[in-house]
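Report on the structure
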Amino acid sequence: MNNQLTVLIPTSPIPSHPGTAILDETISNVRKYTDAAILILVDGVHESMKSRREDYWQYVRYLDEKIFEGDYGDCSLMIFKEHSHQSQMTKEALKVISTPLIMFCEHDTSPIGDIPFQEICNLVENQQWFNYVRFNIFEKIPIEHDYLMITKEPIVVDGIPLIQTIQFSARPHIAKTNWYRNIIADYFEPGEKMMIEDRMHSVVQSKFNLLGNDIFGMSIYAPPGNQLRSYHADGRGGDEKLIYG
């Protein structure tokens, strides 16, 4: 059992429910890298999604059956009866997590490709200034994102090539658990319900512009050649993004 890492996977109503195929794929991809405990954060149904309520809770029952049968390995559900969104669910999850690291994967995103996964976990845990390492959604950093990169070329830390960044994204990443606790406590009001990325992407940039230096310690894994290491199944499809609770 991996006592270094807990995988957090928030889930909420999407058009493909009650089918579990999208989450099945996400967990299957995660399991290529780690046998760490997975905690699925099952959000309550927002009023705007009430038409999906029946299908969604059937989906959750299917997940419970799969966990009982051992299909997902070490996996459990944290169920929220009321809509809580990523920020509140993550806040509650962090109260029960005892591992020094988390990996955050939305239910339709996952790591892919050749990744020195254990080495990255060790780096994030042991290097004081590296709090978060994200897996790239692009083959290379887009030119229009250059202004968000502190280092324009990869630096090598503990053998891992990294580009330091002030671009927060919720795409799959490994982070220090206490660092996550701190950002939730510092930048989200009690009871505030929203996507974590929608708050933090501006906070990180604003702090950098104000202070003239980085205080967050975030990086992107940037191996030679094609850097694409993150997959998105686009579970939301044509549904409108729910930014606030």
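Look above for the structure.
About the cut-offs
Residues numbered from 1 in each chain as written. Predicted model: local features only at pLDDT ≥ 70, side-chain atom pairs only at ≥ 80, totals over all residues. Heavy atoms only, no water. Helix = DSSP H or I, 4+ residues; strand = E, 2+ residues; numbered from the N terminus. Polar contact = N/O pair within 3.5 Å; in protein donor to acceptor, adjacent residues only side chain to side chain. Expected span 1.5 Å × (residues − 1). Buried < 20%, exposed > 50% of the residue type's maximum accessible area, 1.4 Å probe, protein only. Phe/Tyr/Trp six-rings, centres within 6.5 Å; stacked < 30°, edge-to-face > 60°. Lys NZ or Arg CZ within 6 Å of the ring centre and 35° of its normal. Core = buried A, V, L, I, M, F, W, Y, C linked by side-chain atoms within 4.5 Å. Contact = heavy atoms within 4.5 Å. Salt bridge = Lys/Arg side-chain N within 4 Å of Asp/Glu carboxyl O. Axes fitted to C-alpha atoms, helices over the stretch in contact; angles between N-to-C directions. Parallel < 35°, antiparallel > 145°, perpendicular 65-115°, else oblique. Pairing = 2+ DSSP bridges. Disulfide = S-S within 2.5 Å.

1. Some thoughts on the side chain of Thr165
Here Thr165 shows up in strand β8 (residues 160-165). One polar contact links the side chain of Thr165 to the main-chain carbonyl oxygen of Leu148, over a distance of 3.0 Å.

2. Some words on helix α3 (residues 85-96)
For α3, with twelve residues, the first-to-last C-alpha span of 18 Å sits near the 16 Å given by 1.5 Å per residue. Along α3, the residues classified as buried are His85, Gln86, Ser87, Gln88, Met89, Thr90, Ala93 and Leu94.

3. Section: unusual backbone geometry
In this chain, His17 is followed by Pro18 through a cis amide linkage whose omega measures 15°. Checked against the element boundaries, Pro18 lands in the loop between β1 (5-11) and α1 (21-30). Of note in the backbone geometry, His85 takes a positive phi value of approximately 65° without being a glycine. One can find His85 in helix α3. A residue is classified by how much of its surface remains accessible, and His85, at 5% relative accessible area, is buried. Of note in the backbone geometry, Asp158 takes a positive phi value of approximately 50° without being a glycine. Of note, Asp158 is situated in the loop between β7 (155-157) and β8. Take Asp158: its relative accessible area is 52%, and that puts it in the exposed class.

4. Thoughts on the packing of aromatic side chains
With the rule as written, the count across this model stands at eight aromatic pairs. A connected cluster of aromatic rings, assembled from ring pairs, spans Phe104, Tyr132, Phe168, Trp179 and Tyr180. For Arg199, the ring lying beneath its charged end belongs to Phe188, and the centroid distance is 5.4 Å.

5. Some details on the nonpolar core
Counting residues in hydrophobic clusters, the biggest one holds 37 residues, and the most contacted among them are Leu5, Met103, Phe117, Ile120 and Ile174. Where this core is concerned, the elements lending two or more residues are β1, α1, β2 (37-42), α2 (53-69), β4 (101-104), α4 (117-126), β6 (132-135) and β8. Not counting residues within four places of it along the chain, the set of residues in contact with Ile120 comprises Ile115, Val133, Phe135, Ile160, Ile174 and Tyr221. Grouped together as the second largest cluster of nonpolar side chains are 35 residues, Phe80, Trp179, Tyr180 and Tyr187 included.

6. Notes on the pattern of salt bridges
For the structure shown, the criterion picks out four salt bridges. Between Glu47 and Lys50 there is a salt bridge, with its nearest N and O atoms 3.3 Å apart. Among the salt bridges present, the one from Glu92 reaches Lys95, with a minimum N-O distance of 3.0 Å. One end of the pair is Glu92 and the other is Lys95, both in helix α3 and three residues apart, which spans about a single turn. Of the residues examined, Lys95 reaches a relative accessible area of 57% and is grouped as exposed.

7. Some points on the packing of helix α5 (residues 177-187) against helix α6 (residues 196-211)
Relative to each other, α5 and α6 sit at 90°, their axes nearing to 11 Å. Judged on the interaxial angle alone, α6 and α5 are roughly perpendicular. The residues of α6 that touch α5, namely those facing Tyr180, Ile183, Ile184 and Tyr187, are Ile196, Arg199, Met200, Val203 and Lys207.

8. As for the pairing of β1
Most of β1 sits out of view: seven of its seven residues are buried. Because side chains alternate across β1, one face comprises the buried residues Leu5, Val7, Ile9 and Thr11, and the other comprises Thr6, Leu8 and Pro10, equally buried. As defined by bridge partners, β1 adjoins β4 across four bridges and the pair is classed as parallel. By the bridge assignment, Leu8 is partnered in β4 with Phe104. Where β1 and β2 come together, six bridges link them in parallel fashion.

9. Quick word on the state of the cysteines
Scanning the entire structure with this criterion turns up zero disulfides. Cysteine Cys75 shares no disulfide, and the gap to the nearest cysteine sulfur, in Cys105, comes to 12 Å. Unpaired in this structure, Cys121 has its nearest cysteine sulfur neighbour in Cys105, at a distance of 11 Å. In this structure Cys121 comes out as buried when scored by relative accessible area, which is 0%.

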